[in-house]
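Report on the structure
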Amino acid sequence: MSFELRMDKKKRAFTLSGGQYEYSNTVNDEVIKIVTLNTLSLRRRLCITRENVDYKYELLKDNINEIIELLSLDLPAVAEIISAEYKSSDIQRCYDDLYNLFFLIMFDGSQLTELAIKQNCCEDRYDLPRLETIPNFNANVEIDYSNCKTNYCYIINSITEYINILFYAFVRNNPIVSVCNNCDRLFVPKTKKLTLYCDRAMNEHTTCKQIGARNKHNDKIETDLVLKAYQLEKHRIEMYCLRSKQDKYDFFDDYFDWLRIFEPKIADYKNGNYDGEKLIKEIKEQTPNFQPYSKGKNFADEEGY
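Residues numbered from 1 in each chain as written. Predicted model: local features only at pLDDT ≥ 70, side-chain atom pairs only at ≥ 80, totals over all residues. Heavy atoms only, no water.

Attention now goes to the overall build of the protein. Within the protein one finds twelve helices and seven strands. The burial tally for the protein puts 48% of its 305 residues in the buried class. Residue pairs at least 24 apart in sequence account for 58% of intrachain contacts in the protein once pairs closer than 6 positions are excluded. Entry remark: accessible area of the protein is about 17300 Å², with carbon and sulfur atoms responsible for 47%. (Helix = DSSP H or I, 4+ residues; strand = E, 2+ residues; numbered from the N terminus. Buried < 20%, exposed > 50% of the residue type's maximum accessible area, 1.4 Å probe, protein only. Contact = heavy atoms within 4.5 Å. Areas by Shrake-Rupley, 256 points an atom, 1.4 Å probe, with all protein chains shown as cover.)

Here is the structure:
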């Protein structure tokens, strides 16, 4: 089953439709939702590796309904696409598309994070850095001309196509992006003014912006050795995992395993419940365990040979 994706450039919005299904959102909101998706619950239901072919496909079959249900909470269009894909194509294609979902979340998110850092450091708020290039991709487009207007309709058959087209539309508008100094997630500020906190609700009564106003986290982040150590190590591991498609032994596992260890600890630290010196020491101690195989990591040892 194919879907049709139509853009509304004036409103910077889109509509995805297929059969009885229809979903609309702004491009900015959808892209930010994609690159900030918490994938932990999904990762528990997938075997993200290039080996163990039979096992990873059987695991996907067992968990596909739960995966679709989880995706529908934050990305209903992605859930609908993967549901249709699972029903109409082979399990390998479905698995590959979910694998690409993880890759695009990391890759596109990494590009926007680097852009956010550059924009936040720029003093001239009316001449902010832009994302100059993005990888090429193919798109199936139907074009019609009516009422003195050219209309473009993208034909979507996979999550990969859906995300690539939306990310292109997002970048084309020269977006302003920032990373919240409280929740560490990307967001699109409402103005060109330097904005360090998003409006996401952290609980029933408090948003990140309110927390930032209370504890002046923006002053703390520049001088906090613990947060710097965390961000540098996270970025290092993320970068070599992003090159995993060129190295058959490097998977996403390292990145997700490292986050599983340190995300809860950094959250506790921010709340004053974890010792900073201890956390820096633990980050350094774990560094030898999170290295690319091309840098000397022993694949045989890990596999028990």
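Turning next to the packing of aromatic side chains. Tallied over the entire structure, the rule returns ten aromatic pairs. Here the aromatic rings of phenylalanine 103 and phenylalanine 107 are separated by 5.8 Å at their centres, their planes lie at 10 degrees, and the arrangement is stacked. Taken together, the residues phenylalanine 103 and phenylalanine 107, both in helix H5 (residues 91-121) and four residues apart, mark about one turn of the helix. Between phenylalanine 137 and tyrosine 168, the ring centres sit 6.3 Å apart and the planes meet at 65 degrees, which makes this aromatic pair edge-to-face. A residue pair is termed long-range when its members are at least 10 positions apart, and phenylalanine 137 in the loop between H5 and strand S4 (140-146) and tyrosine 168 in helix H6 (residues 159-172) qualify at 31 residues. (Phe/Tyr/Trp six-rings, centres within 6.5 Å; stacked < 30°, edge-to-face > 60°.)

Here the focus is the side chain of threonine 160. Take threonine 160: it is sitting in helix H6. If near-sequence neighbours (up to four positions away) are discounted, threonine 160 is found in contact with Asp97, Asn100 and Leu104.

Okay, H6 next. With 14 residues, H6 extends 20 Å between its outermost C-alpha atoms, agreeing within 8% with the 20 Å of an ideal straight helix rising 1.5 Å per residue. Within H6, eleven of the 14 residues are buried, which leaves it mostly tucked inside the rest of the structure. Of the residues trailing H6, asparagine 174 is marked for its positive phi of about 50 degrees. (Expected span 1.5 Å × (residues − 1).)

Below, the discussion takes up helix H10 (residues 253-270). Residue pairs three or four apart in sequence face the same way in an α-helix, which turns once every 3.6 residues. For H10, spanning 18 residues, the distance from its first C-alpha to its last is 26 Å, which sits close to the expected 26 Å at 1.5 Å a residue. Its maximal kink placed at arginine 260, H10 deviates by approximately 30 degrees, while the proline proline 264 follows within four residues. If you check which residues of H10 are buried, you get Asp254, Tyr255, Phe256, Trp258, Leu259, Phe262, Ile266 and Tyr269. (Bend = angle between axes of the 7 residues up to and from the residue.)

Before going further, it helps to spend a moment on the nonpolar core. If you look at the biggest cluster of nonpolar residues, it comprises 78 residues, and the most contacted ones within it are Leu5, Leu16, Leu60, Leu71, Leu98, Ile156 and Tyr162. Broken down by element, this core gets its largest block of residues, 14 residues, from H5. Setting aside chain neighbours within four positions, we find leucine 98 in contact with Leu46, Leu60, Ile67, Leu71, Ile82 and Ile159. Judged by nonpolar contacts, the second largest core, of seven residues, contains Cys180, Phe187, Tyr197 and Cys198. (Core = buried A, V, L, I, M, F, W, Y, C linked by side-chain atoms within 4.5 Å.)

Attention shifts here to the pattern of salt bridges. Summed over the entire model, instances satisfying the criterion amount to eleven salt bridges. The partner of lysine 33 in a salt bridge is aspartate 29, and the shortest N-O contact between them spans 3.5 Å. Residue lysine 33 and its partner aspartate 29 are both found in helix H1 (residues 27-35); the two are separated by four residues, about one turn of the helix. A salt bridge links aspartate 199 to lysine 209; the nearest nitrogen and oxygen atoms lie 3.1 Å apart. Residue aspartate 199 is located in the loop between strand S7 (186-187) and helix H7 (208-215), and its partner lysine 209 is located in helix H7; the two are separated by ten residues in the primary sequence. Judged by its relative accessible area of 42%, aspartate 199 is partly exposed. Classification of lysine 209 as partly exposed rests on a relative accessible area of 39%. The network of salt bridges with shared partners includes Lys190, Asp199 and Lys209. (Salt bridge = Lys/Arg side-chain N within 4 Å of Asp/Glu carboxyl O.)

Attention now moves to a nonpolar patch on the surface. Residues Val141, Ile143 and Tyr152 make up a contiguous nonpolar surface patch of about 280 Å² in total accessible area. With respect to the helices and strands, isoleucine 143 occurs in strand S4. In this structure isoleucine 143 comes out as exposed when scored by relative accessible area, which is 57%. (Patch = residues over 30% accessible without salt bridge, like charges linked within 9 Å, V, L, I, M, F, W, Y side chains within 5 Å.)

Right, let's talk about the pairing of S4 for a bit. Where S4 meets strand S5 (residues 149-156), seven bridges bridge the pair, whose relative direction is antiparallel. Among the inter-strand pairings, tyrosine 145 is bridged to a residue of S5, identified as threonine 150. (Pairing = 2+ DSSP bridges.)

Once that is clear, we can look at the environment of valine 53. Mapped onto the elements, valine 53 comes out in helix H3 (residues 53-74). On a C-alpha basis, the gap between valine 53 and glutamine 92 in space is 9.1 Å, while along the polypeptide they are 39 residues apart.

Turning our attention to the sheet that holds S5. Note on sheets: strands pair through backbone hydrogen bonds, and any given pair is parallel or antiparallel. Strands sit in the order S3-S2-S1-S5-S4 across an open sheet of five strands; the sheet is antiparallel. Of all the strands in the sheet, the pair left with one neighbour each is strand S3 (21-26) and S4. Neighbouring strand axes in the sheet, compared pairwise and without regard to direction, differ in orientation by 25 degrees on average. Bridging between strand S1 (residues 3-8) and S5 involves four bridges; their strand directions are antiparallel. Bridge pairing in S5 links arginine 6 to cysteine 153. H1 rests against S1, strand S2 (13-18) and S3 of the sheet, and its axis sits at about 95 degrees to S3. Across the sheet, helix H4 (residues 76-88) touches S1, S2, S3 and S5, and the angle it forms with S3 is around 145 degrees. (Axes fitted to C-alpha atoms, helices over the stretch in contact; angles between N-to-C directions.)

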